[in-house]
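Descriptive analysis of the structure
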Amino acid sequence: MELSNRQQQIIEIVKDNGPITGEKIADRLHLRRATLRPDLAILTMAGFLEARPRVGYFYTGKTGSELLTEKIKEYRVHEFQHVPIVVKEHTSVYDAISTMFLEDVGTLFVVDDSACIIGVLSRKDLLRASIGNQDLNAIPVHIIMTRMPNITVCRKEDLLINVAQKLINNQIDGVPVVKDAQAGLEVVGRITKTTITKVFVELIRQDDI
Ligand code: ADP
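Residues numbered from 1 in each chain as written. Predicted model: local features only at pLDDT ≥ 70, side-chain atom pairs only at ≥ 80, totals over all residues. Heavy atoms only, no water.

1. Overview of the packing of aromatic side chains
Considering all chains together, one arrives at one aromatic pair under this definition. Their ring planes at 55 degrees and their centres at 4.9 Å tell us that Tyr75 and Phe80 sit as a pair that is tilted. The same class applies to Tyr75 and to Phe80, which are both buried. A cation over an aromatic ring shows up here: Arg52 above the ring of Phe58, its NZ or CZ 3.9 Å from the ring centre. (Phe/Tyr/Trp six-rings, centres within 6.5 Å; stacked < 30°, edge-to-face > 60°. Buried < 20%, exposed > 50% of the residue type's maximum accessible area, 1.4 Å probe, protein only. Lys NZ or Arg CZ within 6 Å of the ring centre and 35° of its normal.)

And the structure:
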């Protein structure tokens, strides 16, 4: 976040004199309190300053990157998950490949009739099955998928940073977001490397505003 000169001056004043009221900050800058209001709101919202009613402004002592880190650590799966793209276990490899193209995803989740996870199909799983002259319409995906219980999943309340760590540790491109259901783990979303990349870019963009 780029701070304006005035915002930097405010931070310096609060650092040296806090707790200090908005009125007094304004006096020191020879400005009216109303003129400072937007700057104080931005600095408080961004976490540089803390406002206590009837006491005044404190400097939190946090740097821009500390605040950014804090923000990332609070992100949870449900804020960012996308719609899952699923197929059934008897879907052919041919149809699964078509679905991957049509839906523009790199990972498909294989579910049973209750929408519960039973497998995962990656691009390489489908490529591997396609090598040679096999009839791809005749091979059902359950033969080639990675199956439960070996599937890494996450839940909507999980921290996004922990899911990103799972993607790295397990060298996978995506995980299904699941919830407990009677028949197993129902697939309700997906988090992929693309999700994490989007969050990363958005964070930096927000920070520039
Ligand atoms: P690609 O194979 O296209 O590089 P991945 O790295 O995601 O894509 O997949 C590598 C292997 O891990 C594949 O065999 C795939 O079935 C499996 N896999 C993918 N996602 C998961 C997951 N969430 N849990 C367990 N295994 C997975």
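2. Comments concerning the nonpolar core
Counting residues in hydrophobic clusters, the biggest one holds 17 residues, and the most contacted among them are Val93, Leu108, Val110, Leu121, Leu126 and Val141. Sorting the residues of this core by element identifies helix 5 (93-103), strand 4 (107-111), strand 5 (117-122) and helix 6 (123-130) as the ones contributing at least two each. By residue number, the principal contributor to this core is helix 5, which donates three residues. Setting aside residues up to four positions removed in sequence, Leu126 forms contacts with Val93, Ala96, Ile97, Met100, Leu121 and Ile144. (Core = buried A, V, L, I, M, F, W, Y, C linked by side-chain atoms within 4.5 Å. Helix = DSSP H or I, 4+ residues; strand = E, 2+ residues; numbered from the N terminus. Contact = heavy atoms within 4.5 Å.)

3. Remarks on helix 6
Buried within helix 6 we find Asp125, Leu126 and Ala129. Looking down the long axis of helix 6, one finds its buried residues gathered within 95 degrees of arc, a one-sided arrangement. Every exposed residue of helix 6 that faces more than 90 degrees away from the buried side is listed here: Lys124, Leu127 and Arg128. On its buried face, helix 6 sits against helix 5, strand 5 and strand 6 (146-147). Of the residues trailing helix 6, Gly132 is marked for its positive phi of about 95 degrees. (Arc of directions from axis to C-beta.)

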